[in-house]
Amino acid sequence: MNGEKEASNGYETPELYEIRLKGHLNDRWADWFEGFSFTLESDGTTILSGAVADQAALHGMLRKIRDLGLPLISVIQVGNNQ
């Protein structure tokens, strides 16, 4: 039973994440973060929210953010996509 939970939480079930970035992203960034919604916060940050298939996809997203030079503030797992 415990093994089933680890498998579903680790790599088989898409997880929902909120990724907070410094600054406000405008609509031209939508293509770069397809499938994620943008929330512009009053504190000058942007929260990207969406499902990530697995840890490799999450690392790919974080690498993209780094390569674009977008300042990363936090990454929070907020649940799974079921």
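These numbers were taken from a predicted model, which means no experiment stands behind them.

**Student:** Explain the sheet that holds strand 3 (residues 45–52) here, please?
**Tutor:** Paired through backbone hydrogen bonds, the strands of a sheet run either parallel or antiparallel to each other. Within the open sheet, the four strands sit side by side as 2-3-1-4. Their pairing is antiparallel. The two strands at the open ends of the sheet, each matched to only one other strand, are strand 2 (37–40) and strand 4 (72–80). On average, each strand axis in the sheet is tilted by 20° relative to the strand beside it, whichever way the strands run. Strands in contact with helix 2 (residues 55–67) are strand 1 (15–22), strand 3 and strand 4; relative to strand 1, the strand with the most contacts, it is inclined by about 15°.

**Student:** What exactly am I supposed to notice about the environment of Thr39 here?
**Tutor:** Within the secondary structure, Thr39 sits in strand 2. Under the relative-accessibility criterion, Thr39 is labelled partly exposed at 35%. Placed 21 residues apart in sequence, Thr39 and Glu18 show a C-alpha to C-alpha distance of 9.9 Å. The contact partners of Thr39, leaving out residues within four places of it in the chain, are Thr45, Thr46 and Ile47.

**Student:** Even after reading the chapter, I still don't get the nonpolar core, so can you show me in this structure?
**Tutor:** One recurring pattern in soluble globular proteins: nonpolar side chains tend to sit buried together. With 13 residues, the main nonpolar core has Phe33, Leu48 and Ile65 as its most contacted residues. Of all elements in the fold, only strand 1, strand 3 and helix 2 reach the threshold of two or more residues within this core. In this view, Phe33 contacts Leu25, Phe38, Leu48, Met61, Lys64, Ile65, Leu68 and Leu70; residues no more than four positions away in its chain are not counted.

**Student:** Looking at this structure, I do not really get the pairing of strand 3. What am I missing?
**Tutor:** Every regular strand shows the same layout, with side chains that alternate between the two sheet faces. In terms of burial, strand 3 is a largely internal element, seven of the eight residues being buried. One ladder, built from eight bridges, connects strand 1 with strand 3; its direction is antiparallel. Residue pairing for strand 3: Arg20 is matched across the bridge by Ile47. Here strand 2 pairs with strand 3 via four bridges, running antiparallel. By the bridge assignment for strand 3, Leu40 is matched with Thr46. Count of turn residues in the strand 2/strand 3 antiparallel hairpin: four residues, of which Gly44 carries a positive phi of about 90°.

Cut-offs applied
- Each residue is numbered by its place in its chain's sequence as written, counting from 1.
- With pLDDT at 70 or above as the cut-off, local features in this predicted model cover only qualifying residues; side-chain atom pairs require 80 or more to be listed or tallied, and sums for whole chains, interfaces and linings still use all residues.
- The side-chain values count all of the structure's non-hydrogen atoms but skip hydrogen atoms and water molecules.
- At least two bridges found by DSSP between two strands are what make those strands a pair.
- Strands here are runs of E lasting at least two residues and helices are runs of H or I lasting at least four, both read from the DSSP assignment and numbered beginning at the N terminus.
- Fitted lines through C-alpha atoms give the axes, limited to the stretch in contact for helices. The angle between two N-to-C directions lies from 0 to 180 degrees.
- In this analysis, two residues are considered to be in contact whenever any of their non-hydrogen atoms come within 4.5 Å of each other.
- Relative accessibility under 20% of the residue-type maximum defines a buried residue, over 50% an exposed one, and the middle range a partly exposed one, all with a 1.4 Å probe and only protein chains included.
- Side-chain atoms within 4.5 Å are what join buried Ala, Val, Leu, Ile, Met, Phe, Trp, Tyr and Cys residues into a set we call a nonpolar core.

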